[in-house]
Each structure stands twice: as structure tokens, then as C-alpha cells.
Amino acid sequence: MSAFVGDSANPDRAARGEIERELLEWMAESTPPLDLARFERLALSLFRFQFEACPPYARLCDSLDRTPDAVKRVEDIPPVPTGAFKEFPLRCFPEAETVKIFRTSGTSVDRRGELHLDSLALYEASLLASLRRSFLHDLQGAAPEMRFLAPSPAEAPDSSLTHMFETLRRAEGGPESGYDLHEGRLDLASLQAAAERARREDRPLVVAGTSFAFVHLLDEPLAADRDRWRLPPGSRVMETGGFKGRSRTVPRDVLRHQIAGLFGLDERSVVNQYGMTELGSQFYDSTLVDPDGPRRKEAPPWTRVRFVDPESGRDVATGEVGMIVIHDLANTGSVAAIQTADLGRAIRDEAGDLIGFDVLGREEGAEARGCSIATDVMLEAAGEVSSP
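Parameters at a glance
- Residues numbered from 1 in each chain as written.
- Predicted model: local features only at pLDDT ≥ 70, side-chain atom pairs only at ≥ 80, totals over all residues.
- Heavy atoms only, no water.
- Helix = DSSP H or I, 4+ residues; strand = E, 2+ residues; numbered from the N terminus.
- Expected span 1.5 Å × (residues − 1).
- Buried < 20%, exposed > 50% of the residue type's maximum accessible area, 1.4 Å probe, protein only.
- Core = buried A, V, L, I, M, F, W, Y, C linked by side-chain atoms within 4.5 Å.
- Contact = heavy atoms within 4.5 Å.
- Phe/Tyr/Trp six-rings, centres within 6.5 Å; stacked < 30°, edge-to-face > 60°.
- Salt bridge = Lys/Arg side-chain N within 4 Å of Asp/Glu carboxyl O.
- 1 Å grid on protein atoms, 1.4 Å probe; cavity = no way out; pocket = protein on both sides within 12 Å on 5 of 7 lines; lining within 4 Å.
- Points joined across faces, edges and corners; volume = space filled by probe spheres on them.
- Nonpolar A, V, L, I, M, F, W, Y, C, P; charged D, E, K, R; others polar.

(A) Just helix H2 (residues 36-53), in detail. Here H2 is 18 residues long and its end C-alpha atoms lie 25 Å apart, about the 26 Å a rise of 1.5 Å per residue gives. Turning to H2, its buried residues are Arg38, Phe39, Leu42, Ala43, Leu46, Phe47, Phe49, Gln50 and Phe51.

If you want it as C-alpha cells, here you go:
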């Protein structure tokens, strides 16, 4: 499926088409370079397009006196709280052109956030570029077997995580790759058979899944027999997602230690992915590509991660904890600037250069607080009435 193509009869669409063409070229580079000037230029151009194409977002920007003519730097682009994606679709294209809707997790009675897409080309280019750089840097093209502790596309067609796994499986996975979570239950026999194959053939196995799926695996009585699960050198694990709404939580470092112990791997072979449905890009632990450096999240060059004071919205001082705001240029059809409910801080090397960031957890109630004012403003623009 092709990316959005510029329309010379519609200057807004043409502007987006030009931005996407440049982004796809950037993502296709073998080692996409950090290019602050290119990011700044594209981010401001994308902000101008999204202001014109998304009336609710324009209303929010107007209320803050941050219009494209007034905004001259990325830090001044207004972010949209993730909670706003639960209230209405934030899209920059006609509804009839929607090809995919990803929804946040939740029960049938929860209001779920939605990301609407009119093309998957940029979305998939971004996720594959980051996975190849941070997770499969030494296995790219080797077609390793991959096991996913997540529902299949048939079971979860609106899950962005499952779509990411399926895109990865098709692009880089071996022919025996597949899913080991069916109707909410782990298929231990299938996963164990994959581990036995990997040992017999002395080939790395890639295991990826939700954090809570790994907790269930570790709770299984069979997990006590470590010889069943031991994996060959070069194998690796990716866990992602939080514990919101779950019966119990496990600290990230404890979970990583237990996963590494189960599979007989160095903890540096177990990485966490930070991502969310509302974003087109993801962030990975650095330990596979920089095993001797501090563990931190690395950001693809077409994103910028900021840490802000939740009251003022201004960047906190270097090294201080702040709310995470992400500018993700892969979000061309939605809103690129997202305010999360997560806390984090920047990580710098001894020379003071920014090398990544830490995610320190969620601030309770932050999503609701951040969402309330912004949503009211945007609902006015949409001519809707807030639910009581």
C-alpha cells in the first residue's frame, strides 16, 4: 500500500505528501542519522498541515495563541493529551479514506482511544526501521524464528501491537514463526517446541510479547524446569506494555531478571519497548546495540522526546523528572505532538550529550487532568457536547 500521495489541486494534501516522501527516504537510510535541522523543518511543516486539516486541533492551538504563524520552534507546538484520542477521532483526512483504526486496550465498557490511518506505509516503515536498528541489528535478513506472546491478527485486528508483530514477522521472521497466545491462554507446548528447535539447530530464537503474558509464563509450574526453556546464544526477548487494570504488577527490573533467568539469557538480551497506540513510532532499550552503556530508551531520529512541567508545559531542567511529551513525525495523518501520562527524564553521557531517556512510570490521574481542558476546547470545535 502506498503512502499518502500529494495532490497538486489541494495544497494541504500536497504539503503532507512532500513531508511523507522525505520521511520515507529518511527511514530507508541504512543508519538513519540524527538531523536536528531536518527534524525541526519537517515538524514545523507538519504542524502547519495538521493545524489546517484537523479543526479540533486547530481550536486547541487557537485557544493557546499558538498558530503556525506564531510557532517558530518545536517546543511551542501544542501537544494533545492521549486521553483526547478517547473522545473523538483526531484525523487529517476524510473519514471515508480510513483504511485502519487501532484501538487502545480495554474492556467492552471502557472508552478506548483510537488512531485512524489512511495509509500504513509510513507507519510500517517507521516501526521496521526502529526494530531493525534496536532489536534485530545483527539478525536482519537472517529470518530467525519468532514467537509472539500476543493474540494473532485474526483475534485482535485493531491492536497496534499485534499489527507491529505481524509486520515484523512478515518482514524478518522465519517460516515457522507464529503466535503462542490463543483466546487468552498461552500455548506452552508450541513455545516449548520452538525452544527445543532453536537448541537443536543452534539458531537464535526471538520471543516478543506483552509484559503480562511473560508474567503468566513465569507463573506456570513448567517454568520451574529451566532446561525446557533455555535458548541458544543470540536469542533475545522483547516485552512491552504496562500493568494497568491487571491483578498485580511486577517491577520492570524484576520482570527482566526473571525472563532472563527463564531463558538462560544475559539480562542485556531482554529489552523493553515503550510505545502506545496513539503513536506511529516506538522506543527500545539500548542494551542490544550498546551492551556496555547505561540502559536507556533510544529515540528514532524522526521523533523528539521532551520532559515538561505538567502545570506550565515548559521543559524541565536537564536531568529532572517531567511528563513525557513526544513529537512523532510518523503521525502525519493524526496529530504529531502527544502528551503522555508517563513520567521520565533525559539520559546524557559524560560529555553532556543526550543519548536517550528513562520512563519512570505513570502519574495517577494525569491523563484525566491533561485531557479535560483540551477535550472541552476541541469538542467545541467539533460542535459536540461533552458527555456528563
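(B) Representation of the nonpolar core. In terms of nonpolar packing, the biggest core is built from 70 residues, with Leu23, Tyr57, Phe165, Met238 and Leu329 touching the most fellow members. At seven residues, H2 tops the list of elements feeding residues into this core. One finds Leu205, Val215, Ile259 and Phe263 within the second-largest nonpolar core, a separate group that totals 26 residues.

(C) Geometry of the environment of glycine 174. In this structure, glycine 174 sits in the loop between helix H5 (160-172) and strand E5 (178-179). As for glycine 174 and alanine 143, which are separated by 31 residues in sequence, their C-alpha atoms are 4.3 Å apart. Every residue in contact with glycine 174, bar those within four places of it in the chain, is listed here: Ala143, Pro144 and Glu145.

(D) Quick peek at the packing of aromatic side chains. On inspection of all chains with the given rule, the structure shows 10 aromatic pairs. For the pair phenylalanine 47 and tyrosine 57, a centre-to-centre distance of 6.1 Å together with 80° between the ring planes defines the contact as edge-to-face. One end of the pair, phenylalanine 47, is in helix H2; the other, tyrosine 57, is in helix H3 (residues 55-63), with 10 residues separating them in the sequence. According to the relative accessible area criterion, tyrosine 57 is buried, its value standing at 0%. Consider the rings of phenylalanine 283 and phenylalanine 357, whose centres lie 5.6 Å apart with planes at 75°: the pair is edge-to-face. Separated by 74 residues along the polypeptide, phenylalanine 283 in strand E11 (residues 283-285) and phenylalanine 357 in strand E16 (residues 354-362) bring together distant segments of the chain. Take phenylalanine 283 and phenylalanine 357: they sit in the same class, and that class is buried.

(E) Inspection of the pattern of salt bridges at higher detail. In total, this model carries 35 salt bridges according to the counting rule given. The closest approach of N and O atoms between glutamate 114 and arginine 103, which form a salt bridge, is 3.1 Å. Separated by 11 residues along the polypeptide, glutamate 114 in strand E3 (residues 114-117) and arginine 103 in strand E2 (residues 100-103) bring together distant segments of the chain. Relative accessible area serves as the criterion here: at 21%, glutamate 114 is assigned to the partly exposed category. For arginine 103, a relative accessible area of 28% translates into the label partly exposed. The structure contains a network of salt bridges with shared partners spanning Glu145, Arg147, Glu176, Asp180 and Arg197.

(F) The arrangement of the environment of leucine 255 in detail. The topology assignment puts leucine 255 in helix H8 (residues 252-263). In this structure, the C-alpha to C-alpha distance between leucine 255 and valine 215, residues 40 residues apart in sequence, is 7.5 Å.

(G) Main features of H3. When H3 is considered as a whole, its buried residues turn out to be Pro56, Tyr57, Ala58, Leu60 and Cys61. Of the residues one or two after H3, aspartate 65 is the one with positive phi, at around 55°.

(H) Examining unusual backbone geometry more closely. Despite not being glycine, aspartate 65 has its phi angle at roughly 55°, a positive value. The residue aspartate 65 is located in the loop between H3 and strand E1 (80-81) in this model. According to the relative accessible area criterion, aspartate 65 is exposed, its value standing at 63%. Even without being a glycine, alanine 143 presents a positive backbone phi close to 50°. Note on placement: alanine 143 falls in the loop between helix H4 (121-134) and strand E4 (145-149). Residue class for alanine 143 comes out partly exposed when judged on its relative accessible area of 30%.

(I) Inspection of empty space enclosed by the protein at higher detail. Evaluation of the coordinates by the stated rule reveals three cavities of 30 Å³ or more. What the largest cavity holds in volume is close to 110 Å³. Lining the largest cavity are 14 residues, with Leu117, Ser119, Ala330, Thr332 and Gly333 positioned closest to its centre. For the lining of the largest cavity, the elements supplying multiple residues, two or more each, are helix H1 (11-28), E3 and H4. Top contributing element to the lining of the largest cavity by residue count: E3, with three residues. Classifying every residue of the lining of the largest cavity gives five nonpolar, six polar and three charged. Taken as a whole, the second largest cavity holds about 50 Å³ of empty space. Lining the second largest cavity are Ala43, Leu46, Phe47, Gln50, Tyr57, Ile77, His327, Leu329 and Ala336. The element contributing the most residues to the lining of the second largest cavity is H2, with four residues.

Structural measurements only, silent on function.
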